[in-house]
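Commentary on secondary and tertiary structure
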Amino acid sequence: AERQLENGRRVAGRIGKLFLSKGFVAFWEACTRKREAREKCQWVVGRMQHLSQSVAFDGFFEGVRVARERGRALKAVVGRWKTPYLEQAFERWVDAMEDGQEEAEGAG
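In this report, the structure presented in the accompanying data block is examined. (Residues numbered from 1 in each chain as written. Predicted model: local features only at pLDDT ≥ 70, side-chain atom pairs only at ≥ 80, totals over all residues. Heavy atoms only, no water.)

**A look at the pattern of salt bridges**
- Inspection of the entire model under this criterion finds four salt bridges.
- Arg65 serves as the salt-bridge partner of Glu62, at 2.2 Å between the closest nitrogen and oxygen. Separated by three residues within a single helix, Glu62 and Arg65 lie in helix H1 (residues 2-80), roughly one turn from each other.
- Classification of Glu62 as partly exposed rests on a relative accessible area of 35%.
- The salt bridge involving Arg65 is made with Glu69; its shortest N-O contact spans 2.3 Å. Here Arg65 pairs with Glu69, and both are found in helix H1, just four residues apart, close to one helical turn.
- A residue is classified by how much of its surface remains accessible, and Arg65, at 33% relative accessible area, is partly exposed. (Salt bridge = Lys/Arg side-chain N within 4 Å of Asp/Glu carboxyl O. Helix = DSSP H or I, 4+ residues; strand = E, 2+ residues; numbered from the N terminus. Buried < 20%, exposed > 50% of the residue type's maximum accessible area, 1.4 Å probe, protein only.)

See the structure below:
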């Protein structure tokens, strides 16, 4: 009877260790999957930020290019004016437009 009881305790101990081992392996696999998912998410977010920065820079670069083209065209138009009155009137108009824009930005 003692021998059977001891044998039963050993078997129960082995079964307990087996369950603990399987539980630990399952926990370790879950942690590994979470870590891999977190790394993948960080990679995707990094790529999205890189893409948005690229798009923003492209927009800024295009805006600068358009502003330069408009400036050149404006200089060409102003350069063709023969009388100083037209140039002065244009400068006053530009100043008035800038003042109006500043007031609109201040009110908004």
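**A few points about a negative patch on the surface**
- Judged by side-chain charge, Glu87, Glu91, Asp95, Glu98, Asp99, Glu102, Glu103 and Glu105 come together as a negatively charged surface patch.
- Examined against the element boundaries, Glu87 turns out to sit in helix H2 (residues 84-107).
- Under the relative-accessibility criterion, Glu87 is labelled partly exposed at 34%. (Patch = residues over 30% accessible without salt bridge, like charges linked within 9 Å, V, L, I, M, F, W, Y side chains within 5 Å. Areas by Shrake-Rupley, 256 points an atom, 1.4 Å probe, with all protein chains shown as cover. Lys, Arg positive; Asp, Glu negative; His and termini not counted. Charge placed at Lys NZ, Arg CZ, Asp CG, Glu CD.)

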